[in-house]
Amino acid sequence: MGMNASTIINDDMTLEEKLAAIDLAMKNAQAQANEEAAQNGTVAAPLDPADLTMCEGCQ
């Protein structure tokens, strides 16, 4: 799976719009990875690997 930044952001967008577009693209990519992993009976790695070292209460 590849992602080209020019498909989600452009020079006419504000910084906030660019950040929101990047956040949405990352969430969509994680959802797709989770779905593919679930179909294979595995678990996808989170976007932030530090999430693997903390309990849910600490996050």
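J.: Outline the overall build of the protein, listing residues and values.
T.: Within the protein, the secondary structure is distributed over one helix and zero strands. Taking 10 Å as the expected radius of gyration for a compact globule of 59 residues, we find that the protein reaches 14 Å, considerably beyond that expectation. Looking at the protein residue by residue over its 59 residues, the buried ones come to 10%. Accessible surface, the protein as shown: approximately 4,900 Å² in total, 55% of it carbon and sulfur.

J.: An account of the environment of Gln 39 is needed here, citing residue identities and associated values.
T.: Along the chain, the position of Gln 39 falls in helix α1 (residues 15-39). On a C-alpha basis, the gap between Gln 39 and Asp 51 in space is 22 Å, while along the polypeptide they are 12 residues apart.

J.: Summarise the side chain of Gln 30; cite the residues concerned and give the values.
T.: Among the structural elements, Gln 30 can be located in helix α1. Discounting chain neighbours no more than four positions away, the residues touching Gln 30 are Ala 44, Ala 45, Pro 46 and Leu 47.

J.: Go over the environment of Asn 4 with me, naming the residues and quoting the values.
T.: By the secondary structure assignment, Asn 4 is in the segment before α1. Put simply, Asn 4 and Asn 34 are 30 residues apart on the chain and 20 Å apart in space, counted from C-alpha to C-alpha. A polar atom in the side chain of Asn 4 sits 3.0 Å from the side chain of Ser 6.

J.: Account for α1, with residues named and values stated.
T.: Counted at 1.5 Å a residue, the expected span for α1 with its 25 residues is 36 Å, and the 36 Å between its end C-alpha atoms agrees. When α1 is considered as a whole, its buried residues turn out to be Ala 21, Ala 25, Ala 29, Gln 30 and Ala 37.

Criteria and thresholds
- Residues numbered from 1 in each chain as written.
- Predicted model: local features only at pLDDT ≥ 70, side-chain atom pairs only at ≥ 80, totals over all residues.
- Heavy atoms only, no water.
- Helix = DSSP H or I, 4+ residues; strand = E, 2+ residues; numbered from the N terminus.
- Rg over C-alpha atoms; globule rule 2.2 N^0.38 Å.
- Buried < 20%, exposed > 50% of the residue type's maximum accessible area, 1.4 Å probe, protein only.
- Areas by Shrake-Rupley, 256 points an atom, 1.4 Å probe, with all protein chains shown as cover.
- Contact = heavy atoms within 4.5 Å.
- Polar contact = N/O pair within 3.5 Å; in protein donor to acceptor, adjacent residues only side chain to side chain.
- Expected span 1.5 Å × (residues − 1).

Fair warning: the whole summary comes from geometry, so function is off the table for now.
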